[in-house]
Amino acid sequence: MGDPIAALDAGGQEAVFRVQDVEKHYQMGEVTVAALRGVSLDIGSGEFLVILGPSGSGKSTLLNIIGGIDRPSLGRVFFGKKELTAYSESELTRYRRNHIGFVFQFYNLMPNLTARENVEMATEISREPLDATEALKLVDLEERRGHFPSQLSGGEQQRVAIARAVAKQPEILLCDEPTGALDITTGKVVLKVLADVNRAMGTTVIVITHNAAIGQMARRVVRMMDGQVRDIRVNPQPRSPEELEW
Amino acid sequence: MKVLDKKLFRGIIGARGQTIAVAMVVLCGTASYIALAAAHRNLLLTRDTYYTEYEFADFEVMLERAPLTAALKLENLPGVRRVQGRIVEEVTLDLVGQEEPRIGRIISLPDRHEGVLNDIHLASGRYFDGEGANEVIISTTFADANHLTIGDRFKALIDNKKHSLRIIGTALSPEYVYMIRNAQEVVPNPERFGILWVSQSFAEMAFDMTGACNNIVGLVNAPDDLDEMLDRADRRLDPYGVFATVKREDQISHRFLSDEIKGLEVSARITPAIFLGIAALILMVMLNRMVRQERTQIGLLKASGYSNTAITSHYVKYALIITLIGCLGGCVVGQWLANAMIRMYVQFYKFPILRSRIYPDILARSMGIAIAFAIVGAVGAARKAAKIHPAMAMRPQTPKYAHRTALERATFIWRRLSFTWKMIIRNISRYRVRAGITAFGVMVSSGIMLIGFFSMDAVGYMLSFQYREIQKEDVKIALESERDRGALRDIARFDAVRRAEPLLQYPFKVSSEWRTKDVGIIGLTPGSQLMTLLDDQERPIVLGERGLVLSEKVAEDLGVKAGSVVTLKPLMGRVTKEVRVPVRQVARQYFGIGAYMDLEALSRILDEPFAMNAALVRTDPGAARKLSRDLKDIPGVAAVEIKEDTYANILATMAESMNISNSILAVFAGVIAFAIIYNATIVSLAERQRELASLRVMGFTAPEVASILYNENFLLSGLGLLLGFPFGLAMCKLLVKAYDTELYRMPFHIERRTLLLTGVLTIAFVILANLAARRKINRLDMVEVLKARE
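Residues numbered from 1 in each chain as written. Chains lettered and ligands numbered in written order. Predicted model: local features only at pLDDT ≥ 70, side-chain atom pairs only at ≥ 80, totals over all residues.

### Description of the overall build of chain A
Helix and strand counts for chain A come out as seven helices and 10 strands. If you line up chain A on its principal axes, its C-alpha atoms span 45 × 40 × 40 Å. Relative to its 246 residues, chain A shows a buried fraction of 52%. Look at the contacts in chain A between residues 6 or more apart in sequence, and 72% of them connect residues 24 or more apart. (Helix = DSSP H or I, 4+ residues; strand = E, 2+ residues; numbered from the N terminus. Buried ≥ 20, exposed ≤ 12 C-beta atoms within 10 Å, placed from the backbone. Contact = placed C-beta atoms within 7 Å.)

Here is the structure:
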């Protein structure tokens, strides 16, 4: 159940997402598995939010629903004033195209496109994209734009993925364990990029992770457990990524 | 092994789309092999049984007139088993209710039905009983086409006397399995031409040839020594005016039939190899992908102690099971096709018997061949599986290094490409072998299609060349004997005749050094408007006062060209002296063999100032039929041929048989294109699902993602098509060479719209395959795919 005080806190700004009593069940043969069991949450515009939880807590499912690549079994999700859960398949696609940027644990870059081309892939379908070089400059990879993913390190690949997500100038950046496959040093660089994007462009950034340390850089941390929101904590003094340790 | 087998069956069911696609290709391969090989054997068996049972002659001698006793003396020649003298003569027939004359070829048979060579098979009625004169047995096709039955009577103009003949039976003969009058006719015309068998005594009386014959048929002990034997027979019969000796292998009906049988044998060898080769390639792509995908599983199996043999045979079994599914279907379809084919053949060729069997060895061989191809296709992937190191396999495979492609150096173009096209091009260069196989499959498919359509174009062109460009008459009138100019004036007097030109057709032995050839030389008036000879550039040839124009085939067979000199010796008549004549030019002619000369020059060789035995006529528009009717009762007219009828008949008969085979070819080609594209799409989809799912997550619509796969298919198909045209045309050239026979040669001619049609159909098959894969693309599960690293 959502903590009303914490929810209010998000209301400091206008809520970009309102998640209401969302449940998600998976039919696994004869048993039904509940991934989300009644989640309610408001996310403010321009917020840097971390959703924390162990694997199986339902955080990825929640992210996927917010991102429009999965649908809840019950409950509703509002994006601004529109009801996301009422969208048709093609409306969801348009929604992802125009509003959402995804960053995955395993980058999911096209192996046969260069860094620059990977970014262009996103700019080609968006309305007001950043220039691909511009986006790469943002993640400090301008120099390596001609390289293929297999010629880049993990951290670099993740930064390309962020550039690809950011280049669309999305309102929301959804990051699923963005540092999960990286060592601490590289991880911090990636997190810094995310923080910069949040600050410089006002993009709402939602990071899901099992790494509690990352929670320290968010103003609000949503902790999930067994498909429910356990609590929402507010950091009065969020730390910068460089200060984190894990 | 049991668990592995379970995995095998689940895998096959899981990939049922691909399984069906490959099995269909295998099915086409085995079915075509079984159908063609069985039809080949059935036809051969039917023919040989027929020939043996009805004592089809090994040789035939055509002569002016010989006493029957002289004919019988041939039996004394070494190697000759039996001979029979016959009277063979063509006559005009007058059928009640039929306005146009028919041509009947009278063949005499012994009065008693005993030991008859080229014996007839009575389909109805009875043999001659020696009582009634004027009895006739007619060929079944002629009877059917003209609605004649036993007891009917019709008139025949024999030796300028009208005889009323009564039908006592209908029959088939091994001599006329393919019922055509001469090689020029190409296809049977059952309405206009029939065989009339009469008793020897009636023929002798009617033709005033008592105790004589003009045609001798015989059987020999060893057909291999036929040439030598025929030389002797020729010499012995020389005083009786021999004008041709024909070995069985040169007999027209036999020849058409044998060409068909030979064609079947060749097709039975080539067609299945194409299909099974393609099936092997598809299996290769499919299994390679499977091994790559199941790397970890293979590693696990090995780690738990499965042997390399177990794993190798697992993948080979996979290919074998799919192949066997196709084989079983192929056996059923193939046997069914084989039966349908022999039934069609018995209709087309006239056999009284039908020998159709199931050949276990052919079925077994078809399976053997299919299995061999399957193993070839599977072995590469299976060996790759065997090479996998268990410890390495547990770790993710290092991604394939991406290369810059050659096209990228052309930055101007590259910069203008959308990223989807960049992805497509990079992907093609990443999986070059697979892309190559796809393009190759489309190439083969479009090539096969092209061959089918080509034969249609070629025959169409061949016929229109003959009947529109060369022959410009409306009606050709053949006369009973050689006549002077008066005959032309008589013909010109008919109302409908606008223009009439004389023609003299005479058989000669043409020789150059040791090569000889029997050719009917046609004498034409110089500047003829009704027959235009054309050279190899299709420019009109001017027939000079001197010299001979030869058709390409005759010139080639004699090894002569313009400027050579050949020797002519008439094969008939009282003139026997040889003359030497220069070859003036070589004329293009696709069917029949021909030689042409100035009519008066030809007459002079025969010691006449002017002779004609036929006329070409241009009539008033639409009056050809009327003229033909008017000529029916005119004495001295042997036959009237309306060109448009002949043209239409050949075209219709050819089109009928070709439409069937072209449809089959198009379907087969479609199966290949479909299977190869569908399989490539499915494999590509499975391999790149992560990439494609990421695109969906980023906001690409399902159709946009699908278009990446589709456009890759289109690009490769376009490439395959581009290669398919030259490939198909090269195959057509081979076909042209293969069909360069005495009977006809195919022109290498293809219509532009045929290329277009091939392209359109190929693209249609590609679209079909794309649509079949669409469901899988739409079902791409973003959440599942992106959840974890593979």
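### A few points about the overall build of chain B
Looking only at helices and strands, chain B features 24 helices and 20 strands. With the C-alpha coordinates aligned to their principal axes, the bounding extent of chain B is approximately 100 × 60 × 50 Å. Scored against the burial criterion, the 790 residues of chain B give a buried share of 44%. The long-range fraction of contacts in chain B, counting pairs at least 24 apart against all pairs at least 6 apart in sequence, stands at 84%.

### Considerations on the sheet that holds strand 11 (residues 242-247) of chain B
Residues and elements named next belong to chain B. With antiparallel pairing, four strands are arranged side by side in an open sheet as 2-10-1-11. Where the open sheet ends on each side, the last strands, each with one partner, are strand 2 (80-86) and strand 11. For this sheet, the mean inter-axis angle between neighbouring strands, taken without regard to orientation, is 25 degrees. Pairing geometry for strand 1 (residues 59-67) and strand 11, over five bridges, is antiparallel. Along strand 11, the bridge assignment pairs Val61 with Thr245. Here helix 6 (residues 226-237) sits on the sheet in contact with strand 1, strand 2, strand 10 (212-220) and strand 11, set at roughly 160 degrees to strand 11. (Pairing = 2+ DSSP bridges. Axes fitted to C-alpha atoms, helices over the stretch in contact; angles between N-to-C directions.)

### Quick look at the interface of chain B and chain A
Taken together, the 22 residues of chain B in the interface contact 24 residues of chain A. Counting only elements with at least two residues in the side of chain B that touches chain A, the list comes to helix 14 (419-430), helix 21 (689-697) and helix 24 (782-787) of chain B. Counting residues per element, the side of chain B that touches chain A draws most heavily on helix 14 of chain B, which supplies six residues. Each residue belonging to the side of chain B that touches chain A can be placed in one class, and the counts come to 11 nonpolar, five polar and six charged. (Nonpolar A, V, L, I, M, F, W, Y, C, P; charged D, E, K, R; others polar.)

### A closer look at helix 14 of chain B
In a regular helix each residue adds 1.5 Å, so 12 residues correspond to 16 Å; helix 14 of chain B covers 16 Å between its end C-alpha atoms and thus fits that length. Within helix 14 of chain B, burial applies to B:Phe419, B:Lys422, B:Met423, B:Ile424, B:Arg426, B:Asn427 and B:Ile428. The elements touched by buried residues of helix 14 of chain B are helix 4 (115-123) of chain A together with helix 15 (432-470) and helix 22 (702-738) of chain B. (Expected span 1.5 Å × (residues − 1).)

### A word on the pairing of strand 15 (residues 548-551) of chain B
Residue and element names in this part refer to chain B. Alternating positions in strand 15 separate into two faces, Leu548 and Leu550 on one and Val549 and Ser551 on the other, with burial throughout. The pairing of strand 15 with strand 17 (residues 579-587) spans four bridges and is classified as parallel. Within strand 17, the position partnered with Leu548 by the bridge is Val583. Sheet analysis places strand 15 next to strand 18 (residues 595-598), joined by three bridges and oriented antiparallel. Bridging from a neighbouring strand, Leu550 pairs with Ala595 of strand 18.

### Digging into the sheet that holds strand 6 (residues 100-103) of chain A
Residues and elements named next belong to chain A. The six strands lie next to each other as 6-7-8-3-9-10, forming an open sheet whose pairing is mixed. Each having just a single partner strand, strand 6 and strand 10 (228-234) make up the two edges of the open sheet. On average, each strand axis in the sheet is inclined to that of its neighbour by 20 degrees, with strand direction left out of account. Inspection of the sheet shows strand 6 paired to strand 7 (residues 172-176) by four bridges, in the parallel sense. Paired with Phe102 across the two strands is Leu174, which belongs to strand 7.

### A few points about the environment of B:Ala381
Residue and element names in this part refer to chain B. Looking at the secondary structure, you find Ala381 in helix 10 (residues 360-387). Exposure remark for Ala381: the 24 C-beta atoms within 10 Å place this residue in the buried category. Setting aside residues up to four positions removed in sequence, Ala381 forms contacts with Met284, Leu287, Asn288, Met290, Val291 and Tyr315.

### As for the packing of helix 4 of chain A against helix 6 (residues 154-166) of chain A
Residues and elements named next belong to chain A. Interaxial distance between helix 4 and helix 6 falls to 8 Å at its minimum, and their mutual angle equals 25 degrees. Put simply, helix 4 runs roughly parallel to helix 6. Seen from above, helix 4 lies across helix 6 with right-handed handedness. Contacts from Ala115, Asn118, Val119, Met121 and Ala122 in helix 4 reach Val160, Ala163 and Arg164 in helix 6. Here the residues of the contact of helix 4 with helix 6 sort into six nonpolar, one polar and one charged. (Parallel < 35°, antiparallel > 145°, perpendicular 65-115°, else oblique. Left-handed = near helix turned anticlockwise from the far one by under 90°.)

### What about the pairing of strand 3 (residues 48-52) of chain A?
Residue and element names in this part refer to chain A. Counting buried residues in strand 3 gives five out of five residues, a clear majority hidden from the surface. Burial along strand 3 is two-sided: Phe48, Val50 and Leu52 and Leu49 and Ile51, pointing in opposite directions, are all buried. With five bridges joining them, strand 3 and strand 8 (residues 204-209) adopt parallel strand pairing. If you follow Leu49 over to strand 8, its bridge partner there is Ile206. As paired strands, strand 3 and strand 9 (residues 220-225) are joined by four bridges and run parallel to one another. By the bridge assignment, Ile51 is partnered in strand 9 with Val222.

### Notes on the packing of helix 2 (residues 16-53) of chain B against helix 7 (residues 252-293) of chain B
All names here are of chain B. Packing of helix 2 against helix 7 leaves a shortest axis separation of 9 Å and a crossing angle of 165 degrees. The angle between helix 2 and helix 7 falls in the class roughly antiparallel. Considering how the two elements wind past one another, helix 2 and helix 7 form a crossing that is left-handed. Counted by class, the contact of helix 2 with helix 7 contains 22 nonpolar, seven polar and two charged residues.

### Here's the deal with the environment of B:Val444
All names here are of chain B. Relative to the helices and strands, Val444 is located in helix 15. For Val444, a count of 25 C-beta atoms within 10 Å corresponds to the buried category. Measuring from C-alpha to C-alpha, the distance between Val444 and Gly720 comes to 8.1 Å, with 276 residues separating the pair along the chain. What Val444 contacts, discounting residues up to four positions off in sequence, is Ile274, Ile278 and Ile672.

### A word on the confidence of the model for chain A
On average, residues of chain A score 87 in pLDDT, and 95% of them reach the 70 mark or higher. Across residues 1-8 of chain A, confidence stays below pLDDT 50; counting only partners more than four residues off in sequence or on other chains, it has 12 contacts. (pLDDT = per-residue confidence, 0-100.)

### Quick notes on helix 23 (residues 752-778) of chain B
Residues and elements named next belong to chain B. With 27 residues, helix 23 extends 39 Å from end C-alpha to end C-alpha; this agrees with the ideal 39 Å at 1.5 Å per step. For helix 23, the complete set of buried residues consists of Thr758, Thr762, Phe765, Val766, Ala769, Asn770, Ala773 and Ile777. The elements touched by buried residues of helix 23 are helix 15, helix 20 (643-687) and helix 22.

### A word on unusual backbone geometry
Residues and elements named next belong to chain B. The backbone phi angle of Asn118 is positive, close to 50 degrees, even though this residue is not glycine. Here Asn118 shows up in the loop between strand 4 (102-109) and strand 5 (121-125). A positive phi angle, near 50 degrees, is found at Glu513, a position not held by glycine. Mapped onto the secondary structure, Glu513 falls in the loop between strand 13 (497-512) and strand 14 (515-524).

### Describing the environment of B:Arg105
Residue and element names in this part refer to chain B. Among the structural elements, Arg105 can be located in strand 4. For the pair formed by Arg105 and Ile138, sequence separation is 33 residues and the distance between their alpha carbons is 9.7 Å. Contact partners of Arg105, with chain neighbours within four places excluded, come to Val88, Glu90, Ile195 and Leu196.

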